[in-house]
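# Understanding the architecture of this molecule
Residue-level listing of the chains:
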Amino acid sequence: MLKAKVPESIIKDAWHSYLTTGNMPASLDAPWFENKSWRPLIKRLPHSPRCRICYFPFDGVGGYLSKTLLGVEASKLNPYLCNQCERFATEYHGGVELEISIMFVDVRGSTTMAEKLSPEEFSKTINRFYRAATEVFYRNYGLVEKLVGDEVAGFFVPGFAGPNFPQVAVEAGKEMLKVMGHGGASEPWIPVGVGIHTGVAYVGSVEADGGVSNIAILGDSVNTASRLTSLAAPGELIISEATRKAADLSTEGMESRTLNLKGKSESVDVWVWKK
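Let us look at the structure shown here. (Residues numbered from 1 in each chain as written. Predicted model: local features only at pLDDT ≥ 70, side-chain atom pairs only at ≥ 80, totals over all residues. Heavy atoms only, no water.)

### Describing a nonpolar patch on the surface
The condition is simple: Each patch is built from salt-bridge-free residues with over 30% relative accessible area, joining like charges within 9 Å and nonpolar side chains (Val, Leu, Ile, Met, Phe, Trp, Tyr) within 5 Å. To measure how exposed things are, a 1.4 Å probe is used in the Shrake-Rupley method; for residues, cover is taken only from the protein chains shown. We count a salt bridge whenever a side-chain nitrogen from Lys or Arg sits within 4 Å of a carboxyl oxygen from Asp or Glu. Think of it in three bands: with a 1.4 Å probe and only protein chains considered, a residue is buried below 20% of the maximum accessible area for its type, exposed above 50%, and partly exposed in between.
Together, V61, Y64, L65 and L69 line one region of the surface with nonpolar side chains, adding up to about 440 Å² of accessible area. On the basis of relative accessibility, which here comes to 56%, the residue V61 falls in the exposed class.

Laid out in structure tokens, this is it:
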């Protein structure tokens, strides 16, 4: 029997609710176990690690039961969270425009690095970079959108990172430079630049090859974050004025710049924090 098509308005409402509160709206006929009222009971299931939002366990007996009976397991976007929004994205294609904070982190001089290292050594270094970068996102309730080449991109939304998500993104950016070795007594183990921009973007599911649905972020705000990162020197965190304002950041100790971004008709005011 074919499932009735869900109206686009309900799908948008569902995405908005999930990304801003961590819950599905009452208008969607969601499974019983996605209701907040069950979370105190679910929290008693053994054992950690578990979803930091709804408490479903990923390991042990509790993890086995969650996966086998309910299909709940660790998310591909953030393994500290479960896969409920990804399952929704697979079943209901759509999304919503939402203000988010977007962060890109790029390796600087990766071409030169690749020339100096063997292919296997370079692969190990980039994989270490991927692991380190994604862990920073995970610890700060960010969602990783993609790992490609020498770059990791992700975003922060209020439903997971909290109402002060722009500030959380900035602190994550600072941590990102630290874990890559910037600011220490010796040279960083891998030089990176980081860029953060806050603005409205489309967050939702897109269909990849073979009909597989992925969650993606799209729009001018995403492009702006990417362009900012491309101009960040090793050890620099470039923060757009929009992010600084949204996070209510003090500018003490930061450098003011006005940048011309590729493909943008107007210059962008930014603040630079160096590790």
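### Details of the side chain of T125
We count it as follows: By definition, any uninterrupted DSSP run of H or I lasting at least four residues is a helix, any uninterrupted run of E lasting at least two residues is a strand, and each is numbered from the N terminus. Throughout, a residue-residue contact means that at least one pair of heavy atoms, one from each residue, lies within 4.5 Å.
Summarising the element assignment, T125 is placed in helix α6 (residues 119–139). For T125, a relative accessible area of 19% puts it in the buried group. The residues contacting T125, other than those within four sequence positions of it, are M113, L117, W189 and I190.

### Notes on the pattern of salt bridges
This model, assessed by the stated rule, comprises 13 salt bridges. One salt bridge in this structure joins K12 and E8, with 3.7 Å as the shortest N-O distance. Of this pair, K12 and E8 both sit in helix α1 (residues 8–21), four residues apart, which is roughly one turn of the helix. Classification of K12 as partly exposed rests on a relative accessible area of 41%. With relative accessibility at 55%, the residue E8 sits in the exposed group. For K67, the salt bridge identified is with E73, shortest N-O distance 3.5 Å. The partly exposed category is assigned to K67, whose relative accessible area is 49%.

### Notes on unusual backbone geometry
Phi angles above zero are rare outside glycine, and Y141 is one such case at about 60°. The residue Y141 is located in the loop between α6 and β2 (143–148) in this model. Even without a glycine there, the phi angle at D248 is positive, about 55°. Along the polypeptide, D248 turns up in the loop between α10 (241–247) and β7 (255–259). By relative accessible area, D248 is classed as exposed at 67%.

### What about the nonpolar core?
Heads up, the rule is: To qualify as a nonpolar core, a set must consist of buried Ala, Val, Leu, Ile, Met, Phe, Trp, Tyr and Cys residues joined through side-chain atoms within 4.5 Å.
F129 and M176 are the most contacted members of the largest nonpolar core, which totals 34 residues. Those elements that place two or more of their residues in this core are β1 (95–107), α6, β3 (151–156), α8 (165–179), β4 (192–207), β6 (236–240) and β8 (268–274). Contacts of F129, omitting those with residues within four sequence positions, involve V105, V107, D150, E151, V152, M180, W189, I190 and V192. In this structure, I42, V157, A201 and I217 belong to the second largest nonpolar core, which totals 32 residues.

That's the geometry; what it means functionally is another story.
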